[in-house]
Amino acid sequence: MTSNRAYAAPLTYPIYQTSSYIVPEGEKYRYSREYNPTVENLGIKIKEMEGAEDYNVFSSGMGAITTTLLSLSKPGDRILTHLDTFARSYHFIRDFMGKWGIKPDIANPGTENIINGIKKGTGIVFIESVTNPILRVNDISTISEKCHDVGAILVVDSTVPTPYNVKSLKLGADIVVHSSSKFIAGHNNVISGLAAGRKDLMEKIDAMRRTLGTSLDPNSAFLTENGMKTLGIRMEKINSNAMEIATELQKNPEISRVIYPGLSEHPDHEIAKKYMKGYSGIVCFKVKTDPEKFIGKLEKIVPANTMGGTETVISTPASMSHRSLTSEELNVLGVDSTFMRLSVGIEDPDEIVRDINRALND
């Protein structure tokens, strides 16, 4: 077959904006729901970053989670997670998978509770390395040992710390997933998801992805990979900013509690210090004043139901990301209307502290 198509060697990997390909020039690339070069390029990057055998790329973080769990489970299996996961993950495991004959077990927060919940017959354990929203740091290495003792697959959502701060696979996870819409892409301009891990498991997940259609489009892959290029330098600044902000917020009498893994009083500080390069960019705190008035007085920080961008945003999990939890579940987590989740960006941290202090003290 001959053509007059032009070829080049671009410095930036191009967007292959095509739904299909000429056959049989490329055996792998036939239809872009299955494989697209721009999407595959992003997958190769997360594979290298995580030190994985294989990878998969998805249309969202939840696409990565749901496709992964569905591909590795069947009716009659048991799956364990913990209450302090992202609410959508929690409901998918407890409610959706439960309706299809997969038996969900829910552990309370903390590594010890998770380990106690793993038993003979547990097929999958799904944890967050740093939990959203209460920032418990799970001991992946210890949990993985218990998982492998009973033959369970350990899936770790490492969205909050990113592979810059935690190498989940090196600590014993079988699969790591990310909502790469957050810190990895880092600019609040794309929705995407990633997974990496054991080749035998990733091949099953890949087949399910192509069947479910949870594939990423090339434009979003391009934006995610473009953001990923600066992940290291962004996380270095975000780690530093968050540590400084958490320390300073402890001094404000209008704040009753500050939660950050880098603080010595955090219940999992020793785990975090042992396994994490940095403590990432989420700082949570509880205010003594009216939460709506507090947020309304902020000038630099804006409320938004996301995290991981270059700008600092704030959210109230009880009414935003975790609004679907019952009051009893929120009570177990210690989350109420006064609980704030601050996603720290790359601005001058002094400006963020001043904005919070002024809003609380005016």
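These numbers come from a predicted model, not from an experiment.

Caption draft 1: Structural detail: the sheet that holds strand β9 (residues 282–287). Read across the open sheet, the 5 strands follow the order β8-β9-β12-β11-β10; overall the sheet is mixed. The open sheet has two free edges, formed respectively by β8 (255–259) and β10 (302–303), since each of these has just one partner strand. Looking at chain direction, β10 and strand β11 (residues 313–315) are connected through 2 bridges and run parallel. Along β11, the bridge assignment pairs Pro-303 with Ile-314. Running at roughly 15 degrees to β9, helix α9 (residues 231–249) makes contact with β8, β9 and β12 (339–343) of the sheet.

Caption draft 2: Spatial organisation of the nonpolar core. Among the nonpolar cores identified, the biggest contains 80 residues, and Val-125, Ile-143, Leu-154, Phe-285, Phe-294, Leu-342 and Ile-356 are the most heavily contacted of them. Ranked by the residues each element gives to this core, the list is headed by α9, at 7 residues. Non-local contacts of Ile-356, meaning those with residues more than four positions away in its chain, are made with Leu-249, Phe-285, Phe-294, Leu-298, Ile-301 and Leu-342.

Caption draft 3: Inspection of helix α5 (residues 140–150) at higher detail. For α5, the set of buried residues is Ile-140, Ser-141, Ile-143, Ser-144 and Cys-147. The buried residues of α5 occupy one face: seen down the axis, they fall within an arc of 160 degrees. For α5, exposure combined with an orientation more than 90 degrees from the buried face picks out Glu-145 and Asp-149. Against α4 (111–117), β4 (122–128), β5 (153–157) and α10 (269–275) lie the buried residues of α5. Trailing α5 by a residue or two, Gly-151 shows a phi angle of about 80 degrees, which is positive.

The rules behind these values
- Residues numbered from 1 in each chain as written.
- Predicted model: local features only at pLDDT ≥ 70, side-chain atom pairs only at ≥ 80, totals over all residues.
- Heavy atoms only, no water.
- Pairing = 2+ DSSP bridges.
- Helix = DSSP H or I, 4+ residues; strand = E, 2+ residues; numbered from the N terminus.
- Contact = heavy atoms within 4.5 Å.
- Axes fitted to C-alpha atoms, helices over the stretch in contact; angles between N-to-C directions.
- Core = buried A, V, L, I, M, F, W, Y, C linked by side-chain atoms within 4.5 Å.
- Buried < 20%, exposed > 50% of the residue type's maximum accessible area, 1.4 Å probe, protein only.
- Arc of directions from axis to C-beta.

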